[in-house]
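Observations on chain architecture
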Amino acid sequence: LPSGTVAFVADMGNHRIRRVDLTTGAVTSFAGSGFAGVDDGVGTAATFFSPHGLAIEPVSGSFLIVTDLGGHMVRRVDVTTARVTA
């Protein structure tokens, strides 16, 4: 993110998006239940099916664009609320 204190990682094998605090090194599950699926939702109530890559939306930096390989779709994740939508 623009502040440079947080990074997001697509954890393909665990069907999650991880949030890494670059100051402390703490890694948390930001979005995805850990079970394969394509359900929208907030945070760990949403499901991914092998998220493969992600990018931060370049204008506002307010959401992630995630390629969901197993679900054959592109997903959007709000970086403030963790809401996942297709």
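This report concerns the structure included in the present document. (Residues numbered from 1 in each chain as written. Predicted model: local features only at pLDDT ≥ 70, side-chain atom pairs only at ≥ 80, totals over all residues. Heavy atoms only, no water.)

**Notes on the sheet that holds strand S8 (residues 83-85)**
- In spatial order, the strands read S4-S8-S7-S6-S5; together these 5 strands make up an open sheet with antiparallel pairing. Both outer strands of the open sheet, strand S4 (41-42) and strand S5 (51-56), are each paired with one neighbouring strand and no more.
- Relative to S8, S4 is paired through 2 bridges, and the arrangement is antiparallel. Across the sheet, the residue bridging to Val 42 is Arg 83, located in S8. (Pairing = 2+ DSSP bridges. Helix = DSSP H or I, 4+ residues; strand = E, 2+ residues; numbered from the N terminus.)

**Focus on the nonpolar core**
- Core analysis: the biggest nonpolar cluster contains 13 residues, and Phe 8, Ile 17, Ala 31, Phe 48, Leu 64 and Val 77 have the highest contact counts within it.
- Among the secondary structure elements, those contributing two or more residues to this core are strand S1 (6-11), strand S3 (27-31) and strand S6 (63-68). (Core = buried A, V, L, I, M, F, W, Y, C linked by side-chain atoms within 4.5 Å. Buried < 20%, exposed > 50% of the residue type's maximum accessible area, 1.4 Å probe, protein only.)

**Focus on the packing of aromatic side chains**
- Under the counting rule described, the total for this entry stands at 1 aromatic pair.
- The positively charged end of Arg 75 is found above the aromatic ring belonging to Phe 48, 5.0 Å away from the centroid.
- One Lys or Arg, Arg 76, reaches over the ring of Phe 63 and ends 3.7 Å from the middle of that ring. (Phe/Tyr/Trp six-rings, centres within 6.5 Å; stacked < 30°, edge-to-face > 60°. Lys NZ or Arg CZ within 6 Å of the ring centre and 35° of its normal.)

**What to know about the sheet that holds S1**
- Pairing is antiparallel in the open sheet, where 3 strands are placed in the order S1-S2-S3. Either end of the sheet is taken by a strand with one partner, and the two such strands are S1 and S3. Pairwise comparison of adjacent strand axes, ignoring direction, gives a mean angle of 35° for this sheet.
- With 4 bridges joining them, strand S2 (residues 16-21) and S3 adopt antiparallel strand pairing. Considered in S3, the bridge of Ile 17 is made with Ala 31. (Axes fitted to C-alpha atoms, helices over the stretch in contact; angles between N-to-C directions.)

**Let's talk about unusual backbone geometry**
- The backbone phi angle of His 15 is positive, close to 55°, even though this residue is not glycine.
- Tracing the chain through its elements places His 15 in the loop between S1 and S2.
- Within the chain, Ala 82 stands out as a residue other than glycine whose phi angle is a positive 65°.
- Take Ala 82: it is sitting in the loop between strand S7 (73-78) and S8.

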